[in-house]
Amino acid sequence: MSTLVLFDSNFGNTQKVAEAIAAELGNGATATPLAGLAKGALEGVDLLVVGSPINAWKPTPRTQEFLDGLGADTLRGVHAAAFDTRVRLFIHGDAAGKISHALGKAGARIVARPRGFIVEGREGPLAAGEVEGATAWARAIAVAARGAGPRAPGVTD
Ligand SMILES: Cc1cc2nc3c(=O)[nH]c(=O)nc-3n(C[C@H](O)[C@H](O)[C@H](O)COP(=O)(O)O)c2cc1C
């Protein structure tokens with residue numbers, strides 16, 4: 001299964017999560033920055049994970065630009081999942097859910113619930129246990145992507 005983990009990151013925390021996910025997914029999966037993403041990078045990809053920091057309650061502008069560039073059905077046949085990094089705020093907004101929704105809209109089969117990983121302050125570091133949490137989330141993605149069902153159990157968006 002050809003796997004790509006795309007991320008945007010201002011201070012390196014989302015990159016760390018992306019790298020932990022890519023390492024767990026294996027199969028030569030690489031954590032690849034959205035900045036300077038090569039045209040055609042999605043060609044042949046079967047499993048796509050996209051992560052972004054929450055900036056002003058939503059994905060970063062670069063992440064949004066990537067999502068806006070996905071045409072209808074461009075991700076048909078692709079398994080996908082989305083995550084974000086966020087601070088501990090009562091109202092922290094959401095990026096993972098918005099990314100997941102956009103990936104689904106582009107035709108991807110969403111195989112995991114969108115997941116937020118906590119950072120301790122704007123520049124991080126990641127909260128204790130979040131790298132391990134990323135590894136566990138990735139393991140669940142791998143299992144779901146291998147499964148034959150049209151969607152992972154309980155995943156609705
Ligand atoms: C301009 C800006 C806006 C932000 N807005 C939010 C926000 O709305 N909600 C939130 O939980 N975190 C917010 N943050 C904190 C980021 O989520 C945090 O910087 C990010 O998760 C760190 O990941 P990174 O190191 O990959 O950039 C904001 C950070 C910046 C710099």
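Residues numbered from 1 in each chain as written. Predicted model: local features only at pLDDT ≥ 70, side-chain atom pairs only at ≥ 80, totals over all residues. Heavy atoms only, no water.

What follows covers the overall build of the protein. Secondary structure summary: the protein contains four helices and six strands in total. The C-alpha radius of gyration of the protein comes to 14 Å, within 12% of the 15 Å expected for a compact globule of 157 residues. Considering the protein as a whole, with its 157 residues, one finds that 47% of them fall into the buried category. As displayed, the protein has an accessible area near 7900 Å², and 54% of this comes from carbon and sulfur atoms. Of the side-chain charges in the protein, 16 are positive and 15 negative, and the distance between the mean point of each set is 4 Å. (Helix = DSSP H or I, 4+ residues; strand = E, 2+ residues; numbered from the N terminus. Rg over C-alpha atoms; globule rule 2.2 N^0.38 Å. Buried < 20%, exposed > 50% of the residue type's maximum accessible area, 1.4 Å probe, protein only. Areas by Shrake-Rupley, 256 points an atom, 1.4 Å probe, with all protein chains shown as cover. Lys, Arg positive; Asp, Glu negative; His and termini not counted. Charge placed at Lys NZ, Arg CZ, Asp CG, Glu CD.)

Let us now look at the packing of aromatic side chains. Within the structure shown, the criterion is met by three aromatic pairs. Note on Phe83 and Phe117: the rings are 5.9 Å apart at their centroids and 75 degrees apart in plane angle, and the pair reads as edge-to-face. Taken together, the positions of Phe83 in strand S4 (residues 79-87) and Phe117 in strand S6 (residues 115-119) put the pair 34 residues apart, joining distant regions of the chain. We classify Phe117 as buried; its relative accessible area is 0%. (Phe/Tyr/Trp six-rings, centres within 6.5 Å; stacked < 30°, edge-to-face > 60°.)

Turning our attention to the pattern of salt bridges. Opposite charge on two side chains lets them pair, provided their charged atoms get close. For the structure on display, the rule yields seven salt bridges. Arg62 is the salt-bridge partner of Asp8, the closest N and O atoms lying 2.8 Å from each other. Here Asp8 is found in the loop between strand S1 (3-7) and helix H1 (13-25), whereas its partner Arg62 is found in helix H2 (residues 61-68), with 54 residues between them in sequence. Note that Asp84 and Arg86 form a salt bridge whose closest N and O atoms lie 2.8 Å from each other. There is no split in this pair, since Asp84 and Arg86 are both buried. Here the residues in one salt-bridge network are Asp84, Arg86 and Asp94, joined through shared partners. (Salt bridge = Lys/Arg side-chain N within 4 Å of Asp/Glu carboxyl O.)

In the vicinity of the ligand lie 17 residues, with Ser9, Asn13, Thr14, Thr85 and Arg122 positioned nearest. Take Thr85: an N or O atom from its side chain is 2.6 Å from an oxygen atom of the ligand. With respect to the ligand, the backbone of His92 contributes an N or O atom lying 2.8 Å from a nitrogen atom. Coverage of the ligand by the protein chains reaches 87% of its 620 Å² of free accessible surface. Counting residues per element, the ones that place at least two in the shell around the ligand are H1 and S4. The biggest single contributor to the shell around the ligand is S4, with three residues. For the shell around the ligand, the class distribution of residues is seven nonpolar, eight polar and two charged. (Near = heavy atom within 4 Å. Polar contact = N/O pair within 3.5 Å; in protein donor to acceptor, adjacent residues only side chain to side chain. Nonpolar A, V, L, I, M, F, W, Y, C, P; charged D, E, K, R; others polar.)

The next point concerns unusual backbone geometry. Note the cis peptide between Gly124 and Pro125, where omega equals 0 degrees. Residue placement: Pro125 occurs in the loop between S6 and helix H4 (130-146). The backbone phi angle of Asn27 is positive, close to 55 degrees, even though this residue is not glycine. For Asn27, the position within the fold is in the loop between H1 and strand S2 (30-33). The phi angle at Ala56 is positive, at roughly 50 degrees, despite the residue not being glycine. With respect to the helices, strands and loops of the structure, Ala56 is situated in the loop between strand S3 (47-53) and H2. With relative accessibility at 48%, the residue Ala56 sits in the partly exposed group.

Without other data, these values stay purely geometric and don't point to any function.
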